[in-house]
Amino acid sequence: MASAFEYAPAPESRSVVDIAPSYGLFIDGEFTDAADGKVFKTVSPSSEEVLSEVAQAGAEDVDRAVRAARKAFAKWSALPGSERAKYLFRIARIIQERSRELAVLETLDNGKPIKETRDHDLPLVAGHFFYYAGWADKLGHAGFGPDPKPLGVAGQVIPWNFPLLMLAWKIAPALAAGNTVVLKPAETTPLSALFFADVCRQAGLPRGVVNILPGYGDAGAALVEHPDVDKVAFTGSTAVGKAIARQVAGTRKKLTLELGGKGANIVFDDAPIDQAVEGIITGIFFNQGQVCCAGSRLLVQESVQDEFLDALKRRLSTLRLGDPLDKNTDIGAINSAEQLARIKALAETGEAEGAERWSPACELPSTGYWFAPTLFTGVTQAHTVARDEIFGPVLSVLTFRTPAEAVAKANNSQYGLSAGIWSEKGSRILAVADKLRAGVVWANTFNKLDPTSPFGGYKESGFGREGGRHGLEAYLDV
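The residue count restarts for each chain, going from 1 along the sequence in the order it is written. Only residues with pLDDT of at least 70 are given local features in this predicted model, and only at 80 or more are side-chain atom pairs given and counted; all residues enter the totals for whole chains, interfaces and linings. Heavy atoms throughout the structure, all of them, feed into the side-chain values; hydrogens and water do not.

Engineer: Give a description of the nonpolar core that names residues and reports values.
Structural biologist: Among buried residues, the Ala, Val, Leu, Ile, Met, Phe, Trp, Tyr and Cys ones that are joined through side-chain atoms within 4.5 Å form a nonpolar core. The rule is simple: take the accessible area with a 1.4 Å probe, protein chains only, and divide by the maximum for that residue type; under 20% is buried, over 50% is exposed, in between is partly exposed. Core analysis: the largest hydrophobic core is formed by 106 residues, its most contacted members being Ile95, Phe129, Phe196, Leu298, Phe308 and Leu312. The way it works is that DSSP assigns letters per residue, a run of H or I at least four long becomes a helix, a run of E at least two long becomes a strand, and they are numbered from the N terminus. The leading source of residues in this core is helix H5 (residues 163-176), at 11 residues. Those residues in contact with Ile95, other than ones at most four positions away along the chain, are Leu102, Leu122, Val125, Ala126, Phe129, Phe196 and Val199. Counting residues in hydrophobic clusters, the runner-up holds 29 residues, among them Leu340, Ala355, Tyr369 and Val379. Between two residues, a contact is recorded if the distance between any of their heavy atoms is within 4.5 Å.

Engineer: Please give an account of the sheet that holds strand E5 (residues 50-55) that cites residues and values.
Structural biologist: Think of a sheet as strands paired side by side through backbone hydrogen bonds, with each pair either parallel or antiparallel. One bridge is not enough; two strands pair if DSSP finds at least two bridges between them. Reading across from one edge, E1-E5-E4 is the order of the three strands in this open sheet, with mixed pairing throughout. Looking at strand neighbours, the two that pair on one side only are strand E1 (22-23) and strand E4 (39-43), the edges of this open sheet. Pairing analysis gives two bridges linking E1 to E5, with the strands arranged parallel. Within E5, the residue paired with Tyr23 across the bridge is Val54. The sheet strands contacting helix H6 (residues 191-202) are E1, E4 and E5, and the helix crosses E5 at an angle near 65 degrees. Lines fitted to C-alpha atoms define the axes here, with helix axes fitted over just the stretch in contact, and angles between the N-to-C directions of these axes take values from 0 to 180 degrees.

Engineer: Summarise the packing of aromatic side chains; cite the residues concerned and give the values.
Structural biologist: By convention, a stacked pair of Phe, Tyr or Trp rings (six-membered ring in the case of Trp) has centres within 6.5 Å and planes under 30 degrees apart, an edge-to-face pair has planes over 60 apart, and any other such pair is tilted. Within the structure shown, the criterion is met by 12 aromatic pairs. Taken together, a centroid distance of 5.2 Å and an interplanar angle of 70 degrees make the contact between Phe40 and Tyr216 edge-to-face. Taken as a pair, Phe40 in strand E4 and Tyr216 in the loop between strand E9 (210-212) and helix H7 (217-225) lie far apart in primary sequence, 176 residues in all. Looking at Tyr216, the relative accessible area reads 33%, which means it is partly exposed. Whether a charge sits over a ring comes down to the Lys NZ or Arg CZ being within 6 Å of the ring centre and within 35 degrees of the ring normal. The residue whose ring lies beneath Arg437 is Tyr458, and the NZ or CZ to ring-centre distance is 4.2 Å. One residue, Arg465, lies across the ring of Tyr458, its end atom 5.7 Å from the ring centre.

Engineer: Describe the pairing of strand E8 (residues 180-184), listing the residues and the values that go with them.
Structural biologist: With respect to burial, E8 is a largely interior element, five of its five residues being buried. Summarising the sheet, strand E7 (residues 153-157) and E8 pair through five bridges and their orientation is parallel. Opposite Val157, over in E8, you have Lys184 as the bridge partner. The crossover handedness rule: strands pointing away from the viewer, path from first strand over the helix to second strand clockwise, crossover right-handed. In this view, the connection linking E7 to its parallel neighbour E8 by way of H5 has right-handed handedness. Pairing between E8 and E9: three bridges, direction parallel. When the sheet's bridge partners are listed, Val182 is paired in E9 with Asn211. A crossover links E8 with its parallel partner E9, the connecting element being H6, and its sense is right-handed.

Engineer: Give me a negative patch on the surface: which residues, what numbers.
Structural biologist: Distance thresholds for patches are 9 Å for like charges and 5 Å for nonpolar side chains (Val, Leu, Ile, Met, Phe, Trp, Tyr), applied to residues having over 30% relative accessible area and no salt bridge. Only the protein chains shown count as cover for residues, and the accessible areas themselves come from Shrake-Rupley with a 1.4 Å probe. The term salt bridge refers to a pairing of a side-chain nitrogen on Lys or Arg with a carboxyl oxygen on Asp or Glu at a separation within 4 Å. Only four residue types enter the charge count: Lys and Arg as positive, Asp and Glu as negative, with His and the chain ends excluded. Where a charge lies is defined by one atom per residue type: Lys uses NZ, Arg uses CZ, Asp uses CG and Glu uses CD. A surface patch of negative charge is lined by Asp274, Asp306, Glu307 and Asp310. With three residues, the single largest contributor to the negative patch is helix H10 (residues 305-316). For Asp274, the location among the structural elements is in helix H9 (residues 273-285). You can call Asp274 exposed: its relative accessible area is 59%.

Engineer: I'd like to hear about helix H2 (residues 81-97), residue by residue, with values.
Structural biologist: A rise of 1.5 Å per residue sets the reference length of H2, with its 17 residues, at 24 Å; its end C-alpha atoms lie 24 Å apart and thus fit the reference within 8%. Those residues of H2 that fall on the buried side of the exposure criterion are Gly81, Arg84, Ala85, Tyr87, Leu88, Ile91, Ala92, Ile94 and Ile95. The inward-facing, buried residues of H2 abut helix H1 (59-78), helix H3 (99-110), helix H4 (114-135), H5 and H6. What a helix is expected to span follows from its residue count: subtract one and scale by 1.5 Å.

The values are spatial; any link to function lies outside them.
So this is what it looks like as structure tokens:
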């Protein structure tokens, strides 16, 4: 894209990560082939290069992993919290030591820019393990009774947009509480979870405490349905979340769901324009908009609409799209051909329904999966692009006149995961935030996450909280 001055290429070296030609399933402390011998290829979204061949878990492998986790649970849950904490601290330190390697790996397998994996994802991954290591010997002081007990075996299914971070969100509190884990990473991004398995071995984690099963939806379904799984945690699409809720209904399994979102970023007429523009950019174009809490709806007060959109378009024109391993890149690749097709289809629907589409001048690479940052103006609440989660770098712009109208439009969604408010008046921010049906509300910022803070949604964005003290409750018998 056009820039005030040119940036020389600044690629991060791939030599810091050694990707093997093939990987097995991680069960009971060992890498092993799938029972039926099936494998699949994992591809780099920016180049369509095959990175590795990975064993594909099936129902028999799920059963093996659950049995290994159940066997390990007796000794792991009996350890004093201070002993479990030592393993979590060790894992956190190893992640820090290997952070450059893991950041490059995540960028190769996921497509997001290296500056996001390096500066955002990996520090948060280590932070979650450090944070929950601190809780491991203090569970009686977490507010869930004087002597809360672990649940048993946790079956966890994570998405492709933050592979290693979602793993940390789920595994760290589970282990701190004394549970054992069987985790299924997304089929498009299995590598960082398999590298994490190596981290567990390096940390000396007892066999069977963590098991990693790369595979497709059938493996996830088998894990959710397994009769010896006590706790199910899922992050992903609302449609799959609903299916999981139906599967576990009537069972003893504890369930948390973190699903889709259609976050509203509300900009009032007294907001600092340049600061708000940066927040909107972060809110929707971070990780190419492939974020459940993305601020994909911009609600801007009518009196500043033109000024704000002019500033937003100028800033968008300076973003750099290209090689995710280049440290100057702002917009990386879409994770898969399937996701790119969905984004294109919804953008075309927006145009067909009469919304006005705009993108900055942008040359897309000839290989890989790419989509230019896109704005839709002239959007009403009836438009598909204002209602459906696109999960891509697409921002829908609506306007409002009064705070009451802003709240009504922000809440007019089947989702309720996140929102942002931009104003100089603290009293206005607090008054509006109190009326928003969103699990997380940011004030004069967006997409700021912290291990100590709970995260989760309302309505079709799921239920339960991850992160903070609240994140322990889902893994304790309370």
